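If you want the building blocks of each chain, they are given just below.
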Amino acid sequence: MRDLKAAPQRGLLIVNPKASTGSRRRTRWVVKKLDRVLDLTVEKTGDRGHGEELARRGADAGYDVVLSLGGDGTVNEVVNGLVADGRPADEAPLFAPIPAGSTNVFARALGLPWDRRRASMAIVAALTDSPRTRTVSLGRAQGDGVDRLFTFCAGLGWDASIIKKVESYRKKRNLGAHYARAVMAELNEHGVEGDSIEVSLSTGEEVLSTGMVVVQNCAPWTYLGALPVNLNARASFNAGLDVLILRKLGLSDAARTAASLLVGRDGPDGKHAVTHHDLSRIRLRASLPQAFQLDGDYLGERTELELSSVPKALRVAC
């Protein structure tokens, strides 16, 4: 029976049935919980990009709340659909991500539990008994055939190459082991030093990298199971973008960097690492195409990108 105390809101739940921790039984439980407080419609995604299309339709149709049930890739698609074509946050539906992927960085960075049941209950409470919403910034990547928003990170170079490797493994449940395996495979196959990446910051500073460039919109950068991984611990939804630039990454530096990430230390240190906080814009230009990732998804190789902060871009329930 629907909770009559709750404000009547139209809700759209976008489900990725291929999410790594998905099941019909778990989805039914989430739907039953949400259906008590929302006039709920459920849609399932198909091919890549379908989640963005469904979210765009939901925003155009005037839904009050759009929720995702999937991983960070699903979140990225839904967010891009909700605020497509520059739709202001106050004109877009409220967004709530229910975690069902292998890492669920965005949902956990918002303070939601990793477990979908507890996250669903927290979202129900946020929508009804004690309304809790906030407006967060997003990042935007443009150039070289790319024009997408991102919720928590983007990277060019070594980290994106490792993500590509991790995605090639069929099972992702033991993410820490797969990450370590991918690091070793990348070192054995291609070494560490890559082609140069020129980094131009909104501060006017320019830095040259031959390792990798990682841009964050919040902290942590990712999770290895329960372990948060912080490259820029000050990164925040309430500020601009943070960046970590590895200027030169030799074999010993790579080993130390990978080890520090696997044990949860707050990012690489030493002369090879440069960090900047609260930037409005970061321009990247690589001498040759480099691996590129957005919100933890490998998106091919790119040479020129501009990453910018989009303040107060999205309303979320958490």
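Anything mentioned here points back to the structure above.
Attention here is on the structure that accompanies the text. Computed from a prediction, not measured in an experiment: that's the story for all the values here.

## As for the overall build of the chain
Here is step 1: Summing up its helical and strand segments, the chain has eight helices and 16 strands in all.
Here is step 2: Every one of the 318 residues in the chain was classed for burial, and the buried ones make up 55%.
Here is step 3: Once local pairs closer than 6 in sequence are excluded, the contacts in the chain between residues at least 24 apart make up 75%.
Here is step 4: As presented, the chain carries roughly 14,300 Å² of accessible surface, and 47% of it is formed by carbon and sulfur atoms.

## Quick notes on the pattern of salt bridges
Here is step 1: Using the criterion set out here, one finds nine salt bridges in the structure.
Here is step 2: In this structure, Asp-297 engages Arg-48 in a salt bridge whose closest nitrogen and oxygen atoms are separated by 4.0 Å. Placement of the pair is Asp-297 in strand S16 (residues 297-317) and Arg-48 in the loop between strand S2 (39-44) and helix H2 (50-60), with a sequence separation of 249 residues.
Here is step 3: The class for Arg-48 is exposed, based on a relative accessible area of 62%.
Here is step 4: For Glu-53, the salt bridge is made with Arg-57, and the minimal N-O distance between the two is 2.2 Å. With Glu-53 and Arg-57 both in helix H2 and four residues apart, the pair spans about one turn of that helix.
Here is step 5: One salt-bridge network, in which partners are shared between bridges, spans Glu-52, Arg-56, Asp-85 and Arg-148.

## Here's the deal with the side chain of Asn-104
Here is step 1: Locating Asn-104 in the fold gives a position in the loop between strand S4 (94-99) and helix H4 (105-109).
Here is step 2: Within the structure, Asn-104 has its side chain in polar contact with the backbone nitrogen of Ala-100 (distance 3.2 Å).
Here is step 3: Those residues in contact with Asn-104 that sit more than four places away from it in its chain are Gly-70, Gly-71, Asp-72, Pro-99 and Trp-114.

## A closer look at the pairing of strand S13 (residues 241-246)
Here is step 1: Most of S13 is tucked away, with six of its six residues classed as buried.
Here is step 2: Across the two faces of S13 the burial is the same, with Leu-241, Val-243 and Ile-245 and Asp-242, Leu-244 and Leu-246 all buried.
Here is step 3: With five bridges joining them, strand S10 (residues 212-216) and S13 adopt antiparallel strand pairing. Bridge assignment links Met-212 to a residue of S13, and that residue is Leu-246.
Here is step 4: The pairing of S13 with strand S14 (residues 273-279) spans five bridges and is antiparallel. Its bridge partner being in S14, Leu-244 is matched across the sheet by Thr-275.

## Topic: the packing of H2 against helix H3 (residues 72-82)
Between two packed helices, both the angle of their axes relative to each other and the distance between the axes serve to describe the pair.
Here is step 1: Contact geometry for H2 and H3: axes closest at 7 Å, N-to-C directions at 35°. Every pair of crossing elements has a handedness; the one defined by H2 and H3 is right-handed. Contacts between H2 and H3 involve His-50, Gly-51, Glu-52, Ala-55, Arg-56 and Ala-59 from the first element and Glu-77, Val-78, Asn-80, Gly-81 and Leu-82 from the second.
Here is step 2: Class assignment for the residues of the contact of H2 with H3 results in four nonpolar, four polar and three charged.

## Observations concerning the side chain of Glu-77
Here is step 1: Looking at the element boundaries, Glu-77 is found in helix H3.
Here is step 2: A distance of 2.9 Å separates a polar side-chain atom of Glu-77 from the backbone nitrogen of Gly-51.
Here is step 3: Look past the residues within four positions of Glu-77 in its chain and what remains in contact with it is Arg-48, Gly-49, His-50, Gly-51, Glu-52 and Arg-148.

## Notes on the packing of aromatic side chains
Here is step 1: Going through the model one piece at a time under the given rule, you end up with two aromatic pairs.
Here is step 2: Between Phe-95 and Phe-106 the ring centres are 6.4 Å apart and the planes differ by 20°, which places this aromatic pair in the stacked class. On the criterion of sequence distance, the pair formed by Phe-95 in strand S4 and Phe-106 in helix H4 is long-range, its members being 11 residues apart. One exposure class covers both Phe-95 and Phe-106, and it is buried.
Here is step 3: Considering the side-chain rings of Phe-106 and Phe-237, the 5.6 Å spacing of their centres and the 85° angle between planes classify their relative orientation as edge-to-face. Of this pair, Phe-106 sits in helix H4 while Phe-237 sits in the loop between strand S12 (227-229) and S13, and the two are 131 residues apart along the sequence.
Here is step 4: Three or more aromatic residues joined by ring pairs make a cluster, and in this case those are Phe-95, Phe-106 and Phe-237.
Here is step 5: In this arrangement the basic side chain of Arg-10 is found over the ring face of Tyr-63, its NZ or CZ atom lying 4.2 Å from the centre.

## Side note on unusual backbone geometry
Here is step 1: Residues Ala-219 and Pro-220 are joined by a peptide bond in cis, for which omega reads 5°.
Here is step 2: Secondary-structure assignment places Pro-220 in the loop between S10 and strand S11 (222-224).
Here is step 3: Residues other than glycine seldom take positive phi values, yet Asn-104 does so here, at roughly 55°.
Here is step 4: In this structure Asn-104 comes out as buried when scored by relative accessible area, which is 3%.

## Regarding the packing of helix H1 (residues 24-35) against helix H5 (residues 116-127)
Here is step 1: Where H1 contacts H5, the two axes come as close as 10 Å, and the packing angle between them is 15°. The angle between H1 and H5 falls in the class roughly parallel. Handedness of the H1/H5 crossing: right-handed. Across the interface between the two elements, Arg-25, Arg-26, Thr-27, Trp-29, Val-30, Lys-33 and Leu-34 of H1 pack against Arg-116, Arg-117, Ser-120, Met-121 and Val-124 of H5.
Here is step 2: Its residues assigned to classes, the contact of H1 with H5 comprises five nonpolar, two polar and five charged.

Here is what the cut-offs are and how they apply
Residues numbered from 1 in each chain as written. Predicted model: local features only at pLDDT ≥ 70, side-chain atom pairs only at ≥ 80, totals over all residues. Heavy atoms only, no water. Helix = DSSP H or I, 4+ residues; strand = E, 2+ residues; numbered from the N terminus. Buried < 20%, exposed > 50% of the residue type's maximum accessible area, 1.4 Å probe, protein only. Contact = heavy atoms within 4.5 Å. Areas by Shrake-Rupley, 256 points an atom, 1.4 Å probe, with all protein chains shown as cover. Salt bridge = Lys/Arg side-chain N within 4 Å of Asp/Glu carboxyl O. Polar contact = N/O pair within 3.5 Å; in protein donor to acceptor, adjacent residues only side chain to side chain. Pairing = 2+ DSSP bridges. Axes fitted to C-alpha atoms, helices over the stretch in contact; angles between N-to-C directions. Left-handed = near helix turned anticlockwise from the far one by under 90°. Nonpolar A, V, L, I, M, F, W, Y, C, P; charged D, E, K, R; others polar. Phe/Tyr/Trp six-rings, centres within 6.5 Å; stacked < 30°, edge-to-face > 60°. Lys NZ or Arg CZ within 6 Å of the ring centre and 35° of its normal. Parallel < 35°, antiparallel > 145°, perpendicular 65-115°, else oblique.

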